[in-house]
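This is what each chain is made of:
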Amino acid sequence: MIIYDLETKTFNSRVDPSADRLKVFAWKDTVTGQAECVLHTDRERIQQILNLPATKVGFNNWRYDDVILRREGYQIKGEIRDLYYEMRNLTIDDGWALPSYSLANICKTLGISNK
């Protein structure tokens, strides 16, 4: 499984996946432990990672990170999961809700917070 996140440049102090630009692609392979931060200028390396057959997991990536990556010409291979979406649907389907769906609160609820 590959966990990934983007650092982006926003314009007008507002998050907008249709306009924000990729600055850094950060990822970690949960099987091998390999991790890396790749600058946006290394397009070939970013695409190599996105071509890996492992499942890719992000947070709110379906509505933000993946939109930016595709808009900038990247293809994401393999299964793509979104932790935010998964938690929202899991809790709704089970009849309970979290007080917040922030990444910090989800991690705390799952007992995987680093604090």
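What you see is a predicted model, and the numbers here were worked out from it, not measured in a lab. By convention here, each chain's residues receive numbers from 1 onward along its written sequence. Owing to the predicted nature of the model, reporting of local features is limited to residues with pLDDT of at least 70; listing and counting of side-chain atom pairs is limited to 80 or more, with chain, interface and lining totals taken over all residues. Each side-chain value is worked out from all heavy atoms of the structure, with water and hydrogens disregarded.

Draft legend 1. Summary view of the sheet that holds strand β1 (residues 2–9). Strands pair, by our definition, only if DSSP identifies at least two bridges between them. Numbering of helices and strands starts at the N terminus; helices are DSSP runs of H or I of at least 4 residues and strands are runs of E of at least 2. Read from one edge to the other, the open sheet built from five strands follows the order β3-β2-β1-β4-β5, with strand pairing classed as mixed. Each edge of the open sheet carries a strand with a single partner, namely β3 (35–39) and β5 (80–82). The average angle at which neighbouring strand axes cross in this sheet is 25 degrees, direction not considered. The pairing of β1 with strand β2 (residues 21–29) spans eight bridges and is classified as antiparallel. Pairing of Ile3 across the sheet is with Lys28, part of β2. Axes here mean lines fitted to C-alpha atoms, for a helix over just the part in contact, with angles spanning 0 to 180 degrees between N-to-C directions.

Draft legend 2. The layout of surface pockets, seen in detail. Cavity and pocket criteria rest on a 1 Å grid covering protein atoms alone: a 1.4 Å probe that fits but cannot get out defines a cavity, protein on both sides within 12 Å along at least 5 of 7 lines defines an open pocket, and an atom within 4 Å of a point defines a lining residue. Grid points are joined across faces, edges and corners, and a volume is the space filled by probe spheres set on the points. Taken as a whole, the largest pocket spans an internal volume of roughly 320 Å³. Secondary-structure elements contributing two or more residues to the lining of the largest pocket are β1, β2, β4 (56–58) and α4 (103–110).

Draft legend 3. Representation of α4 within the structure. Accessibility here uses a 1.4 Å probe with only protein chains present; expressed as a share of the type maximum, an area under 20% marks a residue as buried, one over 50% as exposed, and anything in between as partly exposed. Those residues of α4 that fall on the buried side of the exposure criterion are Asn105, Ile106 and Cys107. Phi turns positive, to about 75 degrees, at Gly111, one or two residues after α4.

Draft legend 4. Here's a closer look at the nonpolar core. By nonpolar core we mean a set of buried residues, namely Ala, Val, Leu, Ile, Met, Phe, Trp, Tyr and Cys, connected to one another through side-chain atoms within 4.5 Å. Residues Leu22, Phe25, Trp27, Ile46, Leu50 and Leu69 are the most contacted members of the largest nonpolar core, which totals 16 residues. Elements that contribute at least two residues to this core include exactly β1, β2, α1 (43–51) and α2 (65–71). Note on contacts: a residue pair qualifies if any of its non-hydrogen atoms lie within 4.5 Å across the two residues. With near-sequence residues (within four places) excluded, Leu50 lies in contact with Phe25, Lys56, Leu69, Tyr74, Gln75, Ile76 and Lys77.

Draft legend 5. Up close: the pattern of salt bridges. For salt bridges, the criterion is a side-chain nitrogen of Lys or Arg within 4 Å of an Asp or Glu carboxyl oxygen. This structure, assessed with the given rule, holds five salt bridges. One salt bridge in this structure joins Arg71 and Glu72, with 3.7 Å as the shortest N-O distance. In this structure, Glu86 engages Arg81 in a salt bridge whose closest nitrogen and oxygen atoms are separated by 2.9 Å. Its relative accessible area of 28% is what places Glu86 among the partly exposed residues. What emerges from the salt-bridge pattern is a single network uniting Arg21, Arg71 and Glu72.

Draft legend 6. Structural detail: the confidence of the model for the protein. As a per-residue quantity, pLDDT reports the predictor's confidence and falls between 0 and 100. On average, residues of the protein carry a pLDDT of 89, and 93% of them reach 70 or more. Per-element confidence in the protein is highest for α1, whose mean pLDDT is 98, and lowest for helix α3 (residues 83–93), whose mean pLDDT is 77.

Draft legend 7. Focus on the pairing of β1. With two bridges joining them, β1 and β4 adopt parallel strand pairing. Opposite Ile2, over in β4, you have Lys56 as the bridge partner.

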